[in-house]
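Understanding the architecture of this molecule
Here are the chains, one letter per residue:
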Amino acid sequence: MPETGQTLFGFMREQAGPLFHQLLAHIGLTFISLLLAVGIGVPAGILIARRKSFAGAVLGFTGVLQTIPSIALLGFLIPVLGIGPKPAIFALFLYALLPIVRNTYTGITQVDPTVREAATAMGLGSWQILVRVELPLAMPVILAGIRTATVINVGVATLAAYIAAGGLGEFIFGGIALNNTNMILAGAIPAALLAITLDAFLSVIQRLRFRNLRRALWLMPVILVILSSFYLLPDLSGNRMLAGFTPEFMGRQDGYLGLKKVYHLDIRSVVISDAVMYKAAYDGQLDVISGYSTDGRIRAFDLVTLTDDRGIFPPYYVAPVVREEVLQRHPGLEKVLNELAGRINDSVMTALNYRVDVLKERPEKVARDFLVEQSLYKEPRQPGREVIRLGSKIFGEQYILIDLYAMLIRGNTDLSVETKTGLGGTQICFNALQNDQIDLYPEYTGTALLVILQANDSLVSRLHQDERQIYDYVATTFSTRYHLRWLKPIGFNNSYALMMRRATAARDGIRSISDLKNFLEKK
Amino acid sequence: MIQVENVVKSFGSRLVVDHISFHVREGETAVLLGPSGSGKSTTLRMINRLVPMDAGRISVEGNDVTRVPGKDLRRRMGYVLQHYGLFPHFTVAENIAVVPGLLNWPKDRIAARTRELLQQLHLDEEYLPRYPHELSGGQQQRVGLARAMAADPPVLLMDEPFGALDTVTRSHIVREFSQMEIRKKKTIVLVTHDIAEAFQLGDVILLMNQGKIVQAGRPAELLFRPADDFVTSFFAEKRLELEMGTVRIADIRPYLPPQADGQPPGRWDESRSVWQALQFLSDRRPEDASEGAPAPISYHALLNAFDAYKRDYHA
């Protein structure tokens, strides 16, 4: 495992600026949604406490909202609200709703009926009873609900990083994708501290005596508004183009770091999940994205890739990486895996990806059709006891490749196949392979060079961006250093690339990354 | 002052109050007495419209209660509950000041009134900044009484006001309450199932059973001229105690032997009940006699006179 040797504290100090920025964004996201949830949840709770016939339906509805997995909820909201803060705030608002509505309802209904009767008998109107008797008596319970909602929101807000809404999640997901523990902790520790601090703060308010509580409650909305405004402050800067990059891209030399260092590209950027990135570019919510050159959605969403005129993206030729020990144990395996070598070029792979990414066909069906067409398909044999474990990263292309290999192995050998799809990032796949948890996965030469081997600048320039030289270097180093064998390349180059909408690029005359940089500087 | 005419109330299919009528005169205390479920609390709550009536008419101070806005109606009627109903988030002072506050009394007037009430209820002013949970049950009910009377309402409605207190505290508070100056001008309707309390506080007793008033009248009338077997049996258990507590020395004066005359009025108050007179005799120590003050009367003479009175009353 590559060890940068940097301490957590060192990382946090180096990243202090962005970290602080994302901490503010995180607090802002949490509190804007909380403010909305209090504004709507408390009146809703009062309403259902007054009209109990609605209570079951309202509590049931907010309860169901609570059970929707947060990532899925964000996904549902993208078609309606797009990406960025709006869907994130809305999702957090929905999650905060249940505890607030339920506790307001509970708090008010559990007010001693004798006290309510006394208030009525003394000639208080129903509004006076609510404001002077019911709400103050229910306040500790309502505050407990707000407290629960706050802690939930701090946690769920980390997921906002997947849909370009920022927050500490950018560090956490970037760190997971790059297997950078410091980066994960730099996001996770402040998030945890934030949750603990807010929880403790609210528990103090909750325990205040009635008299002091009244004063504190006047302060609450003020504090909420101030904290909410944190989110809006940092976003005012920057120029008018907006880029969306995946968490992994943000931390790679052949990614955002290279763009800054080699191109001096200064563009306002947000972190976003690659699952929604292409659509967001198509919808005009993002102007530039970090895509994969063989992705099927490039064609579907009419995007163009910008030429990498200063060469920060090396070739990314894909080949299966296998543990040498496995190849020795199963002598026929290498030949079977090499069946695909040279058979899939860029346009073929893009077409296959298109069927999965855009037409939503099952990767398994796409893989089978391809093998049948290439006359490579054989009916599965009776599987034996020996097992080959295949791993893949989380995207369509890798799923297709894994299904291709699985079918080849089943048709041509007596080995059983087990697939472990969904290893969320390069480092995770590589660690799984090294630790004998999988036997092979498809890897890209450029990624291996820069992410796994952490090649320095002089080495990269010595290899001249040459596909042959890079493959040879990577294959040799993997073999000697890790006892892992690179088999023959499949044939296509799935490069990282910057992409824009075709119309926008044409209008602004942008064909290369340098054009983009110049365009941005002119403005 | 309070006029109830043919009032009916059902909860679902259950008839709780069945065409009842009664009248409470100004300054009088009327006690709604009866077993649980007889409809007495519901009747009380219809007076300040906590419970709407199905049919009939109730007027207070000459006004039909259904034509006065609920808030205005209730601010002129103090209300005391069995479980106090104090606002737990208000201090004693704030609890007492609620209705005067609603009526926009100036602060110093509220403070003066609060002090007056505390004094009459034997509550120390140090309790003013305390919260209800810091007080004993008896103290809480005193605060409840003070709150109900704070704005000096002409009418006081009391729903089992002493029902949650222990026996000792209860008899203390009942006695204090019966002696309170500011109570005396008030028209009071009090609900209880405690017979002794009803007799001690009530000018008029309205005995209820199954939603109807079985008999209404002065305590002595219910005892000595029961309307039916229910009334007789309702008082059966404590009859002697009640009778002796109800009949006063003044009532039996004509039946007493002449040597009881001439006693100093301070010690031998004619407004005492027969029961109190017996207790007075029983408490006398031998030394009192040796000081030269003769026993005012013998047990025997007292009981004879009481018997004679009863005989004549029944006849």
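In this report, the structure presented in the accompanying data block is examined. All of these numbers come straight from a predicted model, not from anything done at the bench. Throughout, a residue's number is its position along its own chain's written sequence, starting from 1. Here the convention is simple: chains get letters from A, ligands get numbers from 1, in the order in which they are written. pLDDT decides what is reported in this predicted model: residues at 70 or higher carry local features, side-chain atom pairs at 80 or more are listed and counted, and totals for whole chains, interfaces and linings draw on all residues regardless. Each side-chain value is derived from all of the structure's non-hydrogen atoms; neither hydrogens nor water enter the calculation.

1. Points about the overall build of chain A
Only DSSP runs of H or I reaching four residues or more are called helices, and only runs of E reaching two or more are called strands; each is numbered from the N terminus. Within chain A, the secondary structure is distributed over 25 helices and 10 strands. Principal-axis analysis of the C-alpha atoms gives chain A an extent of 90 × 60 × 45 Å. For every residue, the accessible area obtained with a 1.4 Å probe (protein chains only) is divided by the maximum for its type, and the residue is called buried under 20%, exposed over 50%, and partly exposed between those limits. Across the 523 residues that make up chain A, the buried fraction comes to 55%. Here, residues are in contact when the closest pair of their heavy atoms is within 4.5 Å. Across chain A, every contact between residues at least 6 apart in sequence was considered, and the portion connecting residues at least 24 apart equals 79%. Computed by Shrake-Rupley with a 1.4 Å probe, the accessible areas treat only the displayed protein chains as cover when residues are assessed. Carbon together with sulfur atoms contributes 58% to the accessible area of chain A, which is approximately 22,700 Å² in total. By the counting scheme adopted, Arg and Lys are positive, Glu and Asp are negative, and His together with the chain ends is not counted. Where a charge sits is defined by one atom per residue type, namely NZ (Lys), CZ (Arg), CG (Asp) or CD (Glu). Taken together, the 51 basic and 44 acidic charged side chains of chain A have centroids lying 9 Å from each other.

2. As for the side chain of Glu28(B)
Inspection of the secondary structure puts Glu28(B) in the loop between strand 2 (14-24) and strand 3 (29-33). Setting aside chain neighbours within four positions, we find Glu28(B) in contact with Lys186(B), Thr187(B), Ile188(B), Asp203(B), Val204(B) and Arg218(B).

3. A few points about the sheet that holds strand 7 (residues 155-159) of chain B
Residues and elements named next belong to chain B. The strand order 6-7-8-3-9-10 describes an open sheet built from 6 strands, whose pairing is mixed. The open sheet is flanked by strand 6 (77-80) and strand 10 (212-217), the only strands paired with a single partner. Adjacent strand axes in the sheet meet at a mean angle of 15°, parallel and antiparallel pairs treated alike. For two strands to pair, DSSP has to find at least two bridges joining them. One ladder, built from 5 bridges, connects strand 7 with strand 8 (residues 187-192); its direction is parallel. When the sheet's bridge partners are listed, valine 155 is paired in strand 8 with threonine 187. In this description, a line fitted to the C-alpha atoms serves as the axis of each element, helices being fitted only across the stretch in contact, and the angle between N-to-C directions of two axes falls anywhere from 0 to 180 degrees.

4. Digging into the packing of aromatic side chains
Note on aromatic pairs: the rings of Phe, Tyr and Trp (six-membered ring only in Trp) are paired at centre separations within 6.5 Å, and the planes decide the class, stacked below 30 degrees, edge-to-face beyond 60, tilted for the rest. A full pass over the atoms with the stated rule returns 24 aromatic pairs over all chains. Considering the side-chain rings of Phe313(A) and Tyr496(A), the 6.2 Å spacing of their centres and the 45° angle between planes classify their relative orientation as tilted. Note that Phe313(A) is positioned in the loop between strand 4 (303-305) and strand 5 (318-323) and Tyr496(A) in strand 10 (residues 496-501), a separation of 183 residues in sequence. The same class applies to Phe313(A) and to Tyr496(A), which are both buried. Seen in terms of ring centroids, Phe230(B) and Phe234(B) are 5.7 Å apart; in terms of plane orientation they differ by 35°. Their pairing is tilted. Of this pair, Phe230(B) and Phe234(B) both sit in helix 10 (residues 229-235), 4 residues apart, roughly one helical turn. On the basis of relative accessible area, Phe234(B) is assigned to the buried category, the value being 17%. Aromatic ring contacts, followed pair by pair, group Phe245(A), Phe249(A), Tyr256(A), Tyr292(A), Phe313(A), Tyr316(A), Phe395(A) and Tyr496(A) into a single cluster. Two limits define a charge over a ring: the Lys NZ or Arg CZ must be within 6 Å of the ring centre, and within 35 degrees of the ring normal. The lysine or arginine in question, Arg147(B), covers the ring of Phe87(B), its NZ or CZ lying 5.0 Å from the ring centre.

5. Topic: the packing of helix 17 (residues 346-357) of chain A against helix 19 (residues 396-412) of chain A
Residue and element names in this part refer to chain A. Two elements in contact, helix 17 and helix 19, have axes separated by 9 Å at closest approach and are oriented at 105°. Judged by the angle between their axes, helix 17 and helix 19 are roughly perpendicular. Contact with helix 17, carried on its side by Met349, Leu352, Asn353, Val356 and Asp357, involves Gly396, Glu397, Ile400 and Leu401 of helix 19 and no other residues of that element. Each residue gets one of three labels, nonpolar for Ala, Val, Leu, Ile, Met, Phe, Trp, Tyr, Cys and Pro, charged for Asp, Glu, Lys and Arg, and polar for the others, Gly among them. Within the contact of helix 17 with helix 19, the residues separate by chemical class into 5 nonpolar, 2 polar and 2 charged. Relative orientations are named as follows: roughly parallel for angles under 35 degrees, roughly antiparallel for angles over 145 degrees, roughly perpendicular for angles from 65 to 115 degrees, and oblique for any other angle.

6. Digging into the pattern of salt bridges
Should the charged atoms of two oppositely charged side chains come close, the side chains can pair. Residues and elements named next belong to chain A. Salt bridge, as used here: a side-chain nitrogen of Lys or Arg that lies within 4 Å of a carboxyl oxygen of Asp or Glu. All chains considered together, the criterion is met by 47 salt bridges over all chains. Arginine 485 is the salt-bridge partner of glutamate 334, the closest N and O atoms lying 3.0 Å from each other. With glutamate 334 in helix 16 (residues 333-337) and arginine 485 in strand 9 (residues 484-486), the pair connects residues that are 151 residues apart, well separated along the chain. Looking at glutamate 334, the relative accessible area reads 27%, which means it is partly exposed.

7. Focus on unusual backbone geometry
Residue and element names in this part refer to chain B. The phi dihedral of arginine 49 is positive, around 60°, even though this residue is not glycine. One can find arginine 49 in the loop between helix 1 (40-47) and strand 4 (55-60). Of the residues examined, arginine 49 reaches a relative accessible area of 26% and is grouped as partly exposed. One non-glycine residue with positive phi stands out, namely glutamine 210, at about 50°. Take glutamine 210: it is sitting in the loop between strand 9 (204-209) and strand 10.

8. Brief notes about the interface of chain B and chain A
Contact residues are listed per partner, giving 26 residues for chain B and 20 residues for chain A. Accessible area that two parts lose when put together, with a 1.4 Å probe and added across both, is what the buried area reports. Here chain B and chain A share an interface that buries about 2,000 Å² over both sides, 62% of which is from carbon and sulfur atoms. Considering only the surface of chain B that becomes buried against chain A, Phe87(B), His89(B) and Tyr131(B) emerge as the three largest contributors, covering 29% of it. The tally of links between chain B and chain A comes to 1 salt bridge. Ionic pairing is found between Arg45(B) and Glu117(A), a salt bridge with its closest N-O pair at 2.9 Å. Polar contacts, as counted here, are pairs of nitrogen or oxygen atoms within 3.5 Å of one another; within protein the pair requires one atom able to donate a hydrogen and one able to accept it, and residues that are adjacent in sequence qualify only if both atoms are side-chain atoms. The tally of links from chain B across to chain A stands at 4 residue pairs in polar contact (both at pLDDT 80 or more). When contributions to the side of chain B that touches chain A are tallied by element, the ones reaching two or more residues are helix 2 (70-75), strand 6, helix 3 (92-96) and helix 4 (98-102) of chain B. A breakdown of the residues in the side of chain B that touches chain A according to their chemical character gives 13 nonpolar, 7 polar and 6 charged.

9. Regarding the environment of Leu86(B)
When you line up the elements, Leu86(B) lands in the loop between strand 6 and helix 3. On the basis of relative accessible area, Leu86(B) is assigned to the buried category, the value being 6%. Here the alpha-carbon distance between Leu86(B) and Val191(B), two residues 105 residues apart in the chain, equals 19 Å. Contacts of Leu86(B), omitting those with residues within four sequence positions, involve Val115(A), Asn95(B), Pro132(B), Gln140(B), Val143(B), Gly144(B) and Arg147(B).

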